[in-house]
Amino acid sequence: MDAEEEIKQKQKALRERFEQHILDNFDGQEVWFQQKRVQLVGEAKILADDWGIHVNFESEEGEAFSVSGRWDYLVVYADRLGATYCGWSLTTFCPYPEWND
């Protein structure tokens, strides 16, 4: 098996493991987006494909943008989703409430 095929097999296994959890817990939900010192609350629309996920985020203030992450670079927890090396995360809770004062 060549390296490219090995990566595809790894991504397929990770997709099977995490896709439903991500869609159930983050897609269409109110979540907190964080990247470095930027923290916004809003709604995440998530699309999944063989490569990874694509997140379209719209904050409550109307700011909209997109981020993405490949299956083998995603960090997936019960209440947190992020992409290694990209620096963004989504959480179901406010990570730093003191920043909102």
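Residues numbered from 1 in each chain as written. Predicted model: local features only at pLDDT ≥ 70, side-chain atom pairs only at ≥ 80, totals over all residues. Heavy atoms only, no water.

Before going further, it helps to spend a moment on the pairing of strand 2 (residues 38-48). Where strand 1 (residues 30-35) and strand 2 come together, six bridges link them in antiparallel fashion. The residue bridging Phe33 from the neighbouring strand is Leu40, located in strand 2. The turn linking strand 1 back onto strand 2 is made up of two residues, and Lys36 within it adopts a positive phi angle of 55°. Of the strand pairs in this sheet, strand 2 and strand 3 (residues 52-59) are connected by seven bridges, and their pairing is antiparallel. Within strand 3, the residue paired with Leu47 across the bridge is His54. What sits between the antiparallel neighbours strand 2 and strand 3 is a turn of three residues. (Pairing = 2+ DSSP bridges. Helix = DSSP H or I, 4+ residues; strand = E, 2+ residues; numbered from the N terminus.)

Time to look at the packing of aromatic side chains. Across all of its chains, the model carries five aromatic pairs by this definition. With centroids separated by 4.5 Å and ring planes inclined at 15°, the aromatic side chains of Tyr96 and Trp99 adopt a geometry described as stacked. Using a relative accessible area of 35% as the deciding quantity, one classes Tyr96 as partly exposed. Ring pairs connect the aromatic residues Phe33, Phe57 and Phe65, which therefore count as one cluster. (Phe/Tyr/Trp six-rings, centres within 6.5 Å; stacked < 30°, edge-to-face > 60°. Buried < 20%, exposed > 50% of the residue type's maximum accessible area, 1.4 Å probe, protein only.)

When the charged atoms of two side chains with opposite charge come close together, those side chains can pair. Within this structure, the stated rule accounts for five salt bridges. Across the pair Glu4 and Lys8 runs a salt bridge whose closest N-O atoms are separated by 3.7 Å. Of this pair, Glu4 and Lys8 are both found in helix 1 (residues 3-25), four residues apart, which corresponds to roughly one turn of the helix. What makes Lys8 partly exposed here is its relative accessible area of 45%. (Salt bridge = Lys/Arg side-chain N within 4 Å of Asp/Glu carboxyl O.)

The subject of this paragraph is the side chain of Gln34. When you line up the elements, Gln34 lands in strand 1. Exposure remark for Gln34: the relative accessible area of 11% places this residue in the buried category. Only 3.5 Å separates the side chain of Gln34 from the backbone oxygen of Lys36, close enough to count as a polar contact. Excluding anything up to four places from it in sequence, Gln34 contacts Gly87, Trp88, Ser89, Pro95, Tyr96 and Trp99. (Polar contact = N/O pair within 3.5 Å; in protein donor to acceptor, adjacent residues only side chain to side chain. Contact = heavy atoms within 4.5 Å.)

The subject of this paragraph is a negative patch on the surface. A cluster of acidic residues, Glu30, Glu60, Glu61 and Glu63, forms a negative patch on the protein surface. On the secondary structure map, Glu30 appears in strand 1. (Patch = residues over 30% accessible without salt bridge, like charges linked within 9 Å, V, L, I, M, F, W, Y side chains within 5 Å. Areas by Shrake-Rupley, 256 points an atom, 1.4 Å probe, with all protein chains shown as cover. Lys, Arg positive; Asp, Glu negative; His and termini not counted. Charge placed at Lys NZ, Arg CZ, Asp CG, Glu CD.)

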